[in-house]
Amino acid sequence: QVQLVESGGGLVQPGGSLKLSCAASGSIYSINAMGWYRQAPGNQRELVASITSYGSANYADSVKDRFTISRDNAKNTVYLQMNSLKPEDTAVYFCNADLKQRFGGRVYSYWGQGTQVTVSS
């Protein structure tokens, strides 16, 4: 079994900052890419940022220069530092990890349960 547990969401004023964390636990052999997605009411889930096991990051245009993704491979944890938050960043944020549970096994994608981020005055 594999679990991804997010934390760090909440209510913040426009212009403020939040840092999300997501820790993967369970039967894990290796983790490839990890990422953050978000879904606002009435919208499809969209990629916010992703990071490879070597630290190469990719961002949605809407969050470039405001959000920073990082990871601690020793802790199987990925972070999302969100600065200069805007009301349009309001959404449920989901953590994702592509991982193997054994040597030579297939890569499967796992999701966290989501954490609410609300940007409002």
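In case you missed it, the structure is sitting above this.
Residues numbered from 1 in each chain as written. Predicted model: local features only at pLDDT ≥ 70, side-chain atom pairs only at ≥ 80, totals over all residues. Heavy atoms only, no water.

A word on the overall build of the chain
The helix and strand tally for the chain stands at zero helices and eleven strands. Ordered by position from the N terminus, the helices and strands of the chain form the series β-β-β-β-β-β-β-β-β-β-β. The C-alpha radius of gyration of the chain comes to 14 Å, within 12% of the 14 Å expected for a compact globule of 121 residues. For the chain, the C-alpha atoms occupy an extent of roughly 50 × 25 × 25 Å along the three principal directions. Expressed as a percentage of the 121 residues in the chain, the buried residues total 38%. Within the chain, residue pairs in contact and separated by at least 24 positions form 55% of the contacts whose partners lie at least 6 positions apart. Of the roughly 6600 Å² of accessible surface on the chain, 46% is carried by carbon and sulfur atoms. The distance from the centre of the 11 positive side-chain charges to the centre of the 8 negative ones in the chain is 8 Å. (Helix = DSSP H or I, 4+ residues; strand = E, 2+ residues; numbered from the N terminus. Rg over C-alpha atoms; globule rule 2.2 N^0.38 Å. Buried < 20%, exposed > 50% of the residue type's maximum accessible area, 1.4 Å probe, protein only. Contact = heavy atoms within 4.5 Å. Areas by Shrake-Rupley, 256 points an atom, 1.4 Å probe, with all protein chains shown as cover. Lys, Arg positive; Asp, Glu negative; His and termini not counted. Charge placed at Lys NZ, Arg CZ, Asp CG, Glu CD.)

Some details on the nonpolar core
In this structure, Trp-36, Val-48, Phe-67, Val-78, Leu-80, Met-82 and Tyr-93 are the most contacted members of the largest nonpolar core, which totals 29 residues. For this core, the elements supplying multiple residues, two or more each, are strand E1 (2–7), strand E3 (18–26), strand E4 (30–39), strand E5 (46–51), strand E7 (67–72), strand E8 (77–82), strand E9 (91–100) and strand E11 (115–119). It is E9 that contributes the most residues to this core, five residues altogether. (Core = buried A, V, L, I, M, F, W, Y, C linked by side-chain atoms within 4.5 Å.)

Concerning the environment of Lys-64
On the secondary structure map, Lys-64 appears in the loop between strand E6 (57–59) and E7. The sequence separation of Lys-64 and Tyr-108 amounts to 44 residues, and the corresponding C-alpha distance is 27 Å. There is a polar contact of 3.2 Å between the side chain of Lys-64 and the side chain of Asp-61. (Polar contact = N/O pair within 3.5 Å; in protein donor to acceptor, adjacent residues only side chain to side chain.)

Comments concerning the sheet that holds E7
On the basis of which strands lie adjacent, the open sheet formed by four strands has the order E1-E3-E8-E7 and antiparallel pairing. One side of each edge strand has no neighbouring strand; the edge strands of this open sheet are E1 and E7. Put simply, the sheet's adjacent strands are angled 15 degrees from each other on average, direction ignored. Sheet topology note: the E1/E3 ladder contains six bridges and is antiparallel. Within E3, the residue paired with Glu-6 across the bridge is Cys-22. (Pairing = 2+ DSSP bridges. Axes fitted to C-alpha atoms, helices over the stretch in contact; angles between N-to-C directions.)

Some words on the pattern of salt bridges
This model, assessed by the stated rule, comprises four salt bridges. Arg-38 is paired through a salt bridge with Asp-89; the nearest N and O atoms lie 2.9 Å apart. Within this pair, whereas Arg-38 is found in strand E4, its partner Asp-89 is found in the loop between E8 and E9, the two being separated by 51 residues in sequence. Overall, Arg-38 belongs to the buried group, its relative accessible area being 7%. One continuous salt-bridge network, built from bridges that share partners, spans Arg-38, Glu-46, Arg-66 and Asp-89. (Salt bridge = Lys/Arg side-chain N within 4 Å of Asp/Glu carboxyl O.)

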